[in-house]
Amino acid sequence: MSDHASEPATTIVPPPTAAPDNALAAAAPVIPPTDSSPVLAPASRHIPKATLVALDITPPSSGQALLKHSFAHQLALRPGEAEAAARAVGHPAGAPLTRLLAGYEEGAAEPPGPAPFAGVPVDELVAFGLAVAQLRRTGPTPDSPENDTASGLGNASGPGDGQRAGDAHADRAVVAVQNLVFNTRSSRLSMLNLERLEMAPAGIQRGELIATVPLAPLEETALTHKEWSVTSREFTSIVTDSLESYSETGVTDNTELSQSTASQQQHSNQFNITGTVSGGIPVINGSASSGFTSQDSNSTSASESRKHASGLTQKASSRAKQEHKVTISTLTVTGTEETTTRTVKNPSQTQAVRIDYFSLLRTWRVRLYRYGLRAAYDIVVPEPSAAIRKDYVELAALRAALGPFVFTLPHDDITDDVRPADQAPGFPPNRKHYRYLGDLYGVQVPDPPEATKEIFPNDTVPAGGGWHFYPMRFRIEDGYAISAVTAEFHLGMLSGNPRMHYGVEGSGFEKDSGDPLHDAVVLSDPPYNAFKGRTGEQNVLIFLHDVGPAWVGLKITTARTPELFSRWQSQVWTMLHDAAQTRYLAEQQDIANRIAALEDRLAGVDTLTLRREENDEIMKCVLRHLLGTEYEFMHPGAVQALRSAGVDTAHGAGFEPGALKPPDGAWAKLRRHEDLVRFVNQAVEWENVVTFLYSYFWDAPDSWDFIRNIRHPDPTRQAFLRAGGARIVLTIRKGWEDAWVRFCEGGFKDADIPSDHPYLTIAQEIAAYDDRYYPGIPPANPGRAAVRIEDTVSTECAVAVGPGPVVPGLPVTIPVASSRGFTPGALVVIDSTHRRDLQETCTVVAVPDPGRITVDRLLHRHDGTGTPFPVVQPGEKGELIAEWNEYTPSSGTDIQLNTNLPQMS
């Protein structure tokens, strides 16, 4: 799926019609314009190209073992369901199909594999799948308490979670049936015509008029010659990939036709709303053909390939001309490296002159070759990039975690009460809530102010008659207010004085007594209600009259004010806020660092590695499709053996000598697994696998917003990540067509399937056609007498010819439309693929004249009187199906004096 300078072009093929071999003569190759300029063949550029032709074949009910095997996995059968569904469709107990599907039930030892499905009709599997879906909707899940052990399903248990689960399982069965029907009733087999665009420099010719400078007699002027290119980034930044070498990004000359053509193809891919094409040979499929037909230069696919290729190169050359500008002016411009200033003078004293400037165009000879035919296997898979999207899920989660700091803890929640939810092992018992918050945010917070404080002002009073006043001065601590005041009196009697008087000024408390006493009165309570709520400096006056020795004192109880507690809450809140903010900013910085590291890891991968990762994911999707969604890439027994031996399976490190001692038979299963892996890698030309990436909306709707926001600097990787589905065309390696069809239809590579199986016969015809018409690369050390033919030559014969009437096997002279290009010693193919029973290969022994060729022998009679039959001499380069010229600007400029006006363009 490379996106490099030799990116192949693409072709749309419309549906051909059933017609004789010569019915498409109107689609003959483009006739190149006459050009006597030499062609620099060693300087040719090549762009791989291909045309995909879908085959309209009715698949047989038998075979298609891999698709049926995948269907059995998708059903996700549970214990007892196979037998219950079999009874529902009328299969007797113990029938082969019932036993086969029971092997796929949950808890079964090991699924039987795809091979037994080859002989199972598709209709029987469809009926079985629909029965499973119906039973799941009408009964509880097999593991529910009401399960009927006899039937494996049981009776309905009513609505609820079990019923909803049953509906979900039923939907899964319906989807499996739909996939089976779709995949088995449409042909998976197609043809891939391998093609190549060859572009060679073929001379220089004068282009359009750039500027004209008139000069009067003896006039002198300064001319400025400026050349520049105006190109968009997508057409100049080219990524070159090679699985065998390295990748680099470079800026190329936009006058290079092959590079412009590759860039134009990239541009077309980016604007293709049907699907982005990637892979070794990106192609676009049109309508299906009616069956296997000749793919020569007169075929519909060749005609459409010519149209597409010529249109692509024309757009590329037009863009190169549009983006390449040259100006000639009489103003001197400084400061640009591309500007050249010259002084010109007309030396004539009587004649005016005109200097005409013309661009020089490079001529390119473009040839379209068809050099091979491959069988291809066509599948569609969902979410090809699901595995490598995981990093983007993590990236989205990290980005969602970024945001402004928000601290939602209310002030009122900072309290000194004890809450059961705050208690935890490892912390002191009865942990108060504010300490819990401090531990939560990692900060040591101060204790709250004491709820109450007491003050005890007092004085000793000497004995004496008359009035005595004693002020009690004290200060209430800031943040506190008096909540209670108790006055205490210890009074003695004066001798000869029967009564004494005492009280507290301003409180309303006064009292007489005739005996010594110890009295305490709460002044802050009714009926006095004195001093409560006072703050700051206080002076309480106690008065006494006619008392003996005495002691008086006050007990002042103060309570913290709401303002003081609120200030503490604010202080603690600030400390918690700052601690939380510091921690949050550190976490945000860590998240930002992780985002930057993850973005660098995702974007800082070379192009080669990106393409290799995408190819690996495509291969994994193909294997899951062919071998079932439950396919294990390593046998579970082998994995368990590795784990039992203490191997680090998480990092793939192990296999130390003597570390593994697997039980008997464990490695035998692994060997069979390895054979399958080897076959799949050999039978498919993975370097030429073509992938059509379909838009995100073919994925689950819930994922659309996420997928739309995936970004990557590499456009091919971004298209791969955003693909909701992918159509994958597997190019079958030459020589492996038979084994591949047997593998897909019979379940293993040597499966015995009918010799007249449509897929098998067409695969064999494709291989035979490629062998006959496309000899390919010549041997490295050919013999001296070896004949090397580069280009395919074809002609027609309109008479009847056949073996010699007397002595079969003698040379035969064949009248042809033209013998030009046929070479003695070369192989030729007689007749077309429409007459496969008559088609044969022989050797040219002579070319007597322009209208005849002589071959070494003929084995069959060929009658061209009604419809001329083809005679084809295959070439090493393949069959030339089109040739034309394109023109791109060069850096040269042509100058002429007084050009005739009719000759200007």
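Up top is the structure these notes are about.
Values in this document were obtained by computation on a predicted structure and should not be read as measured data. (Residues numbered from 1 in each chain as written. Predicted model: local features only at pLDDT ≥ 70, side-chain atom pairs only at ≥ 80, totals over all residues. Heavy atoms only, no water.)

A. Looking closely at the overall build of the protein chain. Summing up its helical and strand segments, the protein chain has 18 helices and 29 strands in all. Within the protein chain, the fraction of its 905 residues that count as buried is 45%. Here the contacts in the protein chain between residues at least 6 apart in sequence split such that 82% fall between residues at least 24 apart. Accessible surface, the protein chain: about 44000 Å² in total, of which carbon and sulfur atoms supply 54%. (Helix = DSSP H or I, 4+ residues; strand = E, 2+ residues; numbered from the N terminus. Buried < 20%, exposed > 50% of the residue type's maximum accessible area, 1.4 Å probe, protein only. Contact = heavy atoms within 4.5 Å. Areas by Shrake-Rupley, 256 points an atom, 1.4 Å probe, with all protein chains shown as cover.)

B. Structural context of the packing of helix H2 (residues 81-88) against helix H4 (residues 122-138). Closest axis-to-axis distance for the H2/H4 pair is 9 Å, and the angle between their directions is 105°. The pairing of H2 with H4 is recorded here as roughly perpendicular in orientation. When H2 is examined against H4, the residues Glu81, Ala82, Ala84, Ala85, Ala86 and Ala88 are found in contact with a partner set consisting of Phe128, Ala131, Val132, Leu135 and Arg136. Residue composition of the contact of H2 with H4, by class: nine nonpolar, no polar and two charged. (Axes fitted to C-alpha atoms, helices over the stretch in contact; angles between N-to-C directions. Parallel < 35°, antiparallel > 145°, perpendicular 65-115°, else oblique. Nonpolar A, V, L, I, M, F, W, Y, C, P; charged D, E, K, R; others polar.)

C. Inspection of the packing of aromatic side chains at higher detail. Counting across every chain of the model gives 16 aromatic pairs. Between the aromatic rings of tyrosine 377 and tryptophan 740, the centroid separation amounts to 5.8 Å while the plane-to-plane angle is 75°, which identifies the pairing as edge-to-face. Of this pair, tyrosine 377 sits in strand S9 (residues 353-382) while tryptophan 740 is found in helix H17 (residues 737-746), placing the two residues 363 residues apart along the sequence. On the basis of relative accessibility, which here comes to 4%, the residue tyrosine 377 falls in the buried class. Taken together, a centroid distance of 5.4 Å and an interplanar angle of 70° make the contact between phenylalanine 407 and tryptophan 573 edge-to-face. On the criterion of sequence distance, the pair formed by phenylalanine 407 in the loop between helix H9 (390-401) and helix H10 (433-441) and tryptophan 573 in helix H11 (residues 562-603) is long-range, its members being 166 residues apart. For the residue pair phenylalanine 407 and tryptophan 573, the accessibility class agrees, reading buried in each case. What links up through ring pairs into an aromatic cluster is the set Phe405, Phe407, Tyr441, Trp573 and Tyr584. Taking the ring centre of phenylalanine 427 as reference, the NZ or CZ of arginine 431 above it sits at 3.9 Å. A cation over an aromatic ring shows up here: arginine 727 above the ring of phenylalanine 692, its NZ or CZ 5.1 Å from the ring centre. (Phe/Tyr/Trp six-rings, centres within 6.5 Å; stacked < 30°, edge-to-face > 60°. Lys NZ or Arg CZ within 6 Å of the ring centre and 35° of its normal.)

D. Just the sheet that holds strand S25 (residues 840-849), in detail. Sheet architecture is open: six strands sit in the order S21-S28-S24-S25-S26-S23, paired in antiparallel fashion. Each edge of the sheet is formed by a strand with only one pairing partner; in this case those strands are strand S21 (793-797) and strand S23 (812-815). Taken over all neighbouring pairs, the strand axes of this sheet differ in orientation by 40° on average, direction set aside. Where S23 lies against strand S26 (residues 852-855), four bridges are found, and the strand directions are antiparallel. Considered in S26, the bridge of proline 815 is made with arginine 852. (Pairing = 2+ DSSP bridges.)

E. Representation of the pairing of strand S28 (residues 869-873) in the model. Counting buried residues along S28, five of its five residues qualify, which places the element largely inside the surrounding structure. Examined bridge by bridge, S21 and S28 share five bridges and lie antiparallel to one another. Its bridge partner lying in S28, threonine 795 is registered against valine 871.

F. The environment of arginine 611, seen in detail. Looking at the secondary structure, you find arginine 611 in helix H12 (residues 607-627). Distance in space between the C-alpha atoms of arginine 611 and threonine 716 is 8.5 Å, their sequence separation being 105 residues. Looking at arginine 611, its side chain comes within polar contact range of the side chain of aspartate 714, at 2.8 Å. (Polar contact = N/O pair within 3.5 Å; in protein donor to acceptor, adjacent residues only side chain to side chain.)

G. Structural context of the side chain of aspartate 356. Structurally, the position occupied by aspartate 356 is in strand S9. A polar atom in the side chain of aspartate 356 sits 2.7 Å from the side chain of threonine 212. Engagement of the side chain of aspartate 356 in a polar contact is seen with the side chain of threonine 899, the distance being 2.8 Å.

H. Quick peek at the sheet that holds strand S12 (residues 464-476). Taken in spatial order, the four strands of this open sheet run S12-S17-S14-S15, and their pairing is antiparallel. The open sheet has two edge strands with one neighbour each: S12 and strand S15 (509-513). Between one strand axis and the next, the sheet turns through 15° on average, direction left out of account. Pairing geometry for strand S14 (residues 500-504) and strand S17 (residues 536-547), over four bridges, is antiparallel. Along S17, the bridge assignment pairs valine 504 with isoleucine 542.

I. Up close: the side chain of glutamate 685. Within the secondary structure layout, glutamate 685 lies in the loop between helix H14 (666-683) and strand S19 (690-694). With sequence-adjacent residues up to four places away left out, glutamate 685 is seen in contact with Arg374, Thr731, Ile732, Arg733 and Lys734.

J. Just H10, in detail. Buried within H10 are the following residues: His433, Tyr434, Leu437, Gly438 and Tyr441. Buried positions in H10, seen along its axis, are confined to an arc of 145° and lie on one side of it. Residues of H10 that are buried sit in contact with H11. One or two positions beyond H10, positive phi appears at glycine 442, with a value near 75°. (Arc of directions from axis to C-beta.)

K. Fine view of the pattern of salt bridges. Tallying each qualifying case throughout the model produces 34 salt bridges. One salt bridge in this structure joins arginine 136 and glutamate 81, with 2.7 Å as the shortest N-O distance. Linking arginine 136 in helix H4 with glutamate 81 in helix H2, this pair joins segments that are 55 residues apart in sequence. In terms of burial, arginine 136 and glutamate 81 fall into one category: buried. As a salt-bridge pair, arginine 431 and aspartate 439 come within 2.8 Å of each other at their nearest N and O atoms. The exposure class of arginine 431 is buried, given its relative accessible area of 7%. For aspartate 439, a relative accessible area of 41% corresponds to the partly exposed category. Through salt bridges with shared partners, one network takes in Arg611, Glu613, Glu614, Asp714 and Arg717. (Salt bridge = Lys/Arg side-chain N within 4 Å of Asp/Glu carboxyl O.)

L. Representation of the nonpolar core in the model. Ranked by internal contacts, the top residues of the largest apolar core, which has 48 residues, are Tyr377, Val622, Trp686, Ile728, Leu730 and Trp740. Broken down by element, this core gets its largest block of residues, six residues, from H12. In this structure, isoleucine 728 is in contact with Tyr377, Asp378, Ile379, Val381, Ile618, Val622, Val689, Val690 and Thr691, ignoring residues within four places of it in sequence. Core analysis: the next-biggest nonpolar cluster, separate from the first, contains 29 residues, Met472, Ile542, Ala550 and Val552 among them. (Core = buried A, V, L, I, M, F, W, Y, C linked by side-chain atoms within 4.5 Å.)

M. How the structure looks around H9. Between the first and last C-alpha of H9 there are 17 Å, a value that for 12 residues agrees with the 16 Å anticipated at 1.5 Å per step. Buried residues along H9 sit against H11, helix H15 (704-708) and helix H16 (715-721). (Expected span 1.5 Å × (residues − 1).)

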